[in-house]
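Residue-level structure breakdown
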Amino acid sequence: MSRKAIVLYLHVHQPYRVRQYTIFDIGVDHQYFESSYDERTNNHRIMRKVAEKSYLPTNNRLLELLNRYPEFRLSLSITGTAIEQMEAWAPEALQSFKNLTDTGRVEIVAETYHHSLAFFYSRSEFEQQVKMHERKIQEVFGQTPKVFRNTELAYNNDLAYWADKAGYKGILAEGWDKVLGWRSPNFVYRPAYTDNIRLLMKNYRLSDDIAFRFGDRNWVGWPLTADKFVHWLNESGEATNFNLFMDYETFGEHQWDHTGIFEFLEHLPAEWLKHEGNTFMTVSEAVDAFEPRDQVDVPYTVSWADVERDLSAWLGNSMQTSAINALYGLEGLILGTGDLALIEDWRKLQTSDHFYYMCTKWFNDGDIHAYFSPYENPYDAFIAFMNAYNDLRFRLAEKGASV
Amino acid sequence: MLGWELPPHNSGGLGVACYQLCKALSKKGADIEFILPYTAAHPDITFMRVRPAHQQDVKEVIKAGTAYQSFKYVKHNGEVEYLDLHGQIRVYEEAVGKLVEWAEFDIIHAHDWLTCRAALRAKMMTGKPLVVHFHSIEADRAGREFGGNPMVRDIEALAAHIADRVVAVSQLTKDAIVREYGVPADKIEVVYNHSDPTDLLPGDGENVYRYLAYMKGLGYRTVVNVGRLTIQKGLPNLLHAFKEVLARAPRTFLLLVGDGEQKIELINLAADLGISHNVFFAGFQRGKRLRDAFAVGDLFVLPSISEPFGLVALEAIGYGTPVLISKQSGVSEVVRNCLKVDFWDVKRMADMITAVVQNDTLRDELHANSYREYLNRSWDHSADRLWDIYGRHVKHQHQGVAA
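Residues numbered from 1 in each chain as written. Chains lettered and ligands numbered in written order. Predicted model: local features only at pLDDT ≥ 70, side-chain atom pairs only at ≥ 80, totals over all residues.

1. Examining the overall build of chain A
- Of the regular secondary structure elements, chain A holds 17 helices and 10 strands.
- Against the 2.2 N^0.38 benchmark of 22 Å for 403 residues, chain A shows a C-alpha radius of gyration of 21 Å, consistent with a compact globule.
- Overall size of chain A, expressed as C-alpha extent along the three principal axes, is 70 × 45 × 40 Å.
- For chain A, buried positions account for 52% of its 403 residues. (Helix = DSSP H or I, 4+ residues; strand = E, 2+ residues; numbered from the N terminus. Rg over C-alpha atoms; globule rule 2.2 N^0.38 Å. Buried ≥ 20, exposed ≤ 12 C-beta atoms within 10 Å, placed from the backbone.)

2. Things to note about the sheet that holds strand β9 (residues 221-226) of chain B
Residue and element names in this part refer to chain B.
- Taken in spatial order, the 6 strands make up an open sheet running β11-β10-β9-β12-β13-β14, and their pairing is parallel. At either end of the open sheet lies a strand with only one pairing partner, and these are β11 (279-283) and β14 (339-341). For this sheet, the mean inter-axis angle between neighbouring strands, taken without regard to orientation, is 20°.
- Note: β9 against strand β10 (residues 252-257), 6 bridges, orientation parallel. Paired with Asn-225 across the bridge in β10 is Leu-256.
- Helix α9 (residues 235-248) contacts β9, β10 and β12 (299-302) of the sheet and is inclined by roughly 165° relative to β10. (Pairing = 2+ DSSP bridges. Axes fitted to C-alpha atoms, helices over the stretch in contact; angles between N-to-C directions. Contact = placed C-beta atoms within 7 Å.)

3. Here's the deal with the packing of helix α1 (residues 43-68) of chain A against helix α3 (residues 91-101) of chain A
All names here are of chain A.
- Two elements in contact, α1 and α3, have axes separated by 9 Å at closest approach and are oriented at 20°. On the basis of their axis angle, the class for α1 and α3 is roughly parallel. By crossing handedness, the relation of α1 to α3 is classed as left-handed. Contacts between α1 and α3 involve Ala-51, Tyr-55, Leu-56, Asn-59, Leu-62, Leu-63 and Leu-66 from the former and Glu-92, Ala-93, Ser-96, Phe-97, Asn-99 and Leu-100 from the latter.
- Broken down by class, the residue content of the contact of α1 with α3 amounts to 9 nonpolar, 3 polar and 1 charged. (Parallel < 35°, antiparallel > 145°, perpendicular 65-115°, else oblique. Left-handed = near helix turned anticlockwise from the far one by under 90°. Nonpolar A, V, L, I, M, F, W, Y, C, P; charged D, E, K, R; others polar.)

4. Section: the nonpolar core
- A:Val7, B:Ala119, B:Val132, B:Ala313 and B:Ile353 are the most contacted members of the largest nonpolar core, which totals 258 residues.
- Considering every element that reaches this core, the biggest residue donor is helix α17 (residues 378-398) of chain A, with 11 residues.
- Contact partners of B:Ala313, with chain neighbours within four places excluded, come to B:Phe300, B:Leu302, B:Val323, B:Ile325, B:Val331 and B:Val335. (Core = buried A, V, L, I, M, F, W, Y, C linked by C-beta atoms within 7 Å.)

5. A look at the domain arrangement of chain B
All names here are of chain B.
- Once the domains are mapped, chain B shows domain 1 (13-194 + 379-402) and domain 2 (199-375).
- When each unit is reduced to the centre of its C-alpha atoms, the spacing between domain 1 and domain 2 is 30 Å.
- Secondary structure elements with two or more residues in the side of domain 1 that touches domain 2: α1 (13-27), α5 (138-141) and α7 (171-181).
- By residue number, the principal contributor to the side of domain 1 that touches domain 2 is α1, which donates 4 residues.
- Taken together, the residues of the side of domain 1 that touches domain 2 break down into 6 nonpolar, 10 polar and 3 charged. (Domains from an automatic or database assignment.)

6. Regarding unusual backbone geometry
- For the peptide bond that leads from A:Trp222 to A:Pro223, omega is -5°, which places it in the cis range.
- Within the fold, A:Pro223 resides in the loop between α7 (204-211) and α8 (226-234).
- Note the cis peptide between B:Pro7 and B:Pro8, where omega equals 5°.
- Here A:His115, not a glycine, exhibits a phi torsion of approximately 50°, which is positive.
- Look at B:Asp112: it is not a glycine, yet its phi comes out positive at around 65°.
- By the element assignment, B:Asp112 lies in the loop between β5 (107-111) and α4 (116-126).
- On the neighbour-count criterion, B:Asp112 (24 C-beta atoms within 10 Å) is buried.

7. Regarding the interface of chain B and chain A
- Each side of the interface is counted separately: chain B has 19 residues, and chain A has 17 residues.
- Contributing elements (two or more residues each) for the side of chain B that touches chain A: α8 (210-216), α10 (263-273) and β11 of chain B.
- At 5 residues, α10(B) tops the list of elements feeding residues into the side of chain B that touches chain A.
- Across the side of chain B that touches chain A, the residue classes break down as 12 nonpolar, 4 polar and 3 charged.

8. What about the environment of B:Arg248?
All names here are of chain B.
- Checked against the element boundaries, Arg-248 lands in helix α9.
- Classification of Arg-248 by C-beta neighbours within 10 Å gives partly exposed; the count is 14.
- Residues Arg-248 and Lys-98, spaced 150 residues apart in sequence, show a C-alpha to C-alpha distance of 61 Å.

9. Observations concerning α1(A)
Residues and elements named next belong to chain A.
- With 26 residues, α1 should reach 38 Å at 1.5 Å per residue; the first-to-last C-alpha distance of 35 Å fits that figure.
- Looking only at α1, the buried set comprises Asn-43, Met-47, Val-50, Ala-51, Ser-54, Tyr-55, Thr-58, Asn-59, Leu-62, Leu-65 and Leu-66.
- Considering only its buried residues, α1 is in contact with β2 (74-78), α2 (80-89), α3 and α9 (261-273). (Expected span 1.5 Å × (residues − 1).)

10. Observations concerning the packing of helix α3 (residues 85-99) of chain B against α4(B)
All names here are of chain B.
- In contact at an axis separation of 8 Å, α3 and α4 are set at 25° when each is read in the N-to-C sense. Taken together, the axes of α3 and α4 lie roughly parallel to each other. When the axes of α3 and α4 are compared, the crossing they make is right-handed. Contacts from Ile-89, Tyr-92, Glu-93, Val-96 and Gly-97 of α3 reach α4 at Arg-117, Ala-118, Arg-121, Ala-122 and Met-125.
- Residues of the contact of α3 with α4, tallied by class, amount to 6 nonpolar, 1 polar and 3 charged.

11. Describing the domain arrangement of chain A
Residue and element names in this part refer to chain A.
- Splitting chain A by domain gives domain 1 (4-296) and domain 2 (313-398).
- The C-alpha centroid of domain 2 is placed 24 Å from the C-alpha centroid of domain 1.
- Between domain 1 and domain 2, the residue contacts involve 29 residues of the former and 22 residues of the latter.
- Residue classes in the side of domain 1 that touches domain 2 are distributed as 11 nonpolar, 12 polar and 6 charged.

12. Some thoughts on helix α14 (residues 360-375) of chain B
All names here are of chain B.
- End to end, α14 covers 22 Å across 16 residues, agreeing with the expected 22 Å (1.5 Å per residue, within 8%).
- Taken together, the buried positions of α14 are occupied by Leu-366, His-367, Ser-370 and Tyr-374. Buried residues along α14 cover an arc of 95° about the axis, so they all sit on one side. Projecting away from the buried face of α14 at angles above 90 degrees are the exposed residues Thr-361, Ala-368, Arg-372 and Leu-375.
- For α14, the elements touching its buried residues are α12 (311-318) and β13 (323-326). (Arc of directions from axis to C-beta.)

13. Remarks on the environment of B:Gly260
Residues and elements named next belong to chain B.
- Within the secondary structure, Gly-260 sits in the loop between β10 and α10.
- Between the alpha carbons of Gly-260 and Ile-231 there is a distance of 9.3 Å; along the sequence they are 29 residues apart.
- Beyond its immediate stretch of four places on either side in the chain, Gly-260 contacts Arg-228, Leu-229 and Thr-230.

Printed below as a string of structure tokens:
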């Protein structure tokens, strides 16, 4: 009997959003990430909302499923900025994540603490943030991550090479057709130019059925029930692992309660486990269980976003590139100060969401960008960010750095 | 006096000029009734009567397009009516038509095309002399070579021909009226605008652009423009020039104060040019934030493609900042001690800006000399000219100026 596993992986992240920080605030206050409670950029309020609509109800159900089905497993990635905000404003949500990992069947995946694109701008800064994240996960969850995912699943051969050398046993990427060609994402692969590491590629069709299309009444698959979904999986032909990767906030936040998303989640394990040989695995377990089918070569960067599956949602226009180049241009000066508060603010500004808010791809993919942005338009986001950047320069200047 | 706006509800220089001219005229004994298209309190105005032509919240006029922007809906007399700018003009004309049935006055003085239809109706109904005062004409606003809206042009041409006297704010504007509308030159008087030291807000210690002021101590210099972000103002050329400036004098900031339909284009252009890190879009400002924008500058640049006058340049001098003005600006006729450049000559503009930001002696000398010129002029001179014009058309001693 061949074994088939659902590899469910959910990504938990919240950025520190920058308030409408103006030129009149530069050099006057340094609280870019604080706004009054009713503003769209207020991080406290958003964390409360997401905790109540998504984290708490979803974790309740996940814990129930873990208790009811010994085979049920999943993996999570939780950014440092999300953990910090839970510690501050939703400790019960953080506790509910700990309750999951305490079962021993929930694996935490490694990434950058600040959900940044540092890999593409500064290797040493990137490594620092990965280390910070590992320490935080050890401290909060008592685990040491063994599988790596980069921000936005931004992946290329270089990243796989780095992760291999860093000792990770697995790495996650988008199972994009241009990369896979005729091959199926439903197997374990080996990244090109690596020795030991294994590659798990997101089955974006099945994942997006849940994450994006679930509540869409115009979709032919609507309404999606657990038995229908499991039927699709069982009919998929040869496969070892179905990599269902998505934002955690799919549950309750992107797909609201009334769509039936929670019922779907509750029924999925029972339906899946009806068939002999079907099981669940964490990302590490999948990497250990299956031999790689082939080698996958990704010379250019692929991400899990938009129809382009590249970084154009973050770095596609010149506002975005000039903002990120300016920010990383301060690296030496910022780190040189040894001022931990200043360094930390600089890192918080590296979070990829800031650049996402500046995205001008308004059509097709643009609607989802607009939904996630706390700004009225990308220009407001850009101006607020650049003003915050200039305040970093002010703080550097005050410390005598040559800016 | 027929006008479209007065401070503090003005969108730009038009309201300021009307206010100052009336103030100076009243000192000479003019009894002025100023007719606006909206209802609003003007507690600072004691030297004339300000009257709404009809009851309407000032916000509705602003929505319909303060002065020269585009249009939206308006609620009027409790009913909902959908008015664009031309609709607003029509309602104003009808209301002024009712007012002149009973009002007593000697002469009609109308400012800019927005009030021209009302002025023509008032003249037709009463036979009183009409002075049409052009602060700009359509060709200026459309960036000269494009000519502008033919309907607006027709209104301006008709008013200029029928008026008993035409006033232009500069020789440049007078020439434009002759060129565009074929109005006989001897019918047009040039009456310059001005800015009196008493019009300026007194300084009070720390500049609200704290960052720019602070960085000045580290050798940074700031180039300022205040104005609508619109094609007439020639700001793309300033951005192109500023790129060259930054290449030679990297410690230079550009502060743009104002709002307008070109904002997004300018933000994108600054990003494309790679200069966003030193360019600030401060938005539309009044009061201290406006005063301090002038004051924080080391050089004020007015790069307008076609600027009938350009009061902001005089205000800048008044606040202590030397000016670089395009030769296509009327204000260059009254200031000798300034830098002048063709609006299209980006290279020369860059050279001049660089010279000033790299040489404080040049900056200070330019300002000291221009400030002497500034002090030698006054709104009273402008009022003298207008009083003289009124006298030629009104026989008796007492002069009431209204609609």
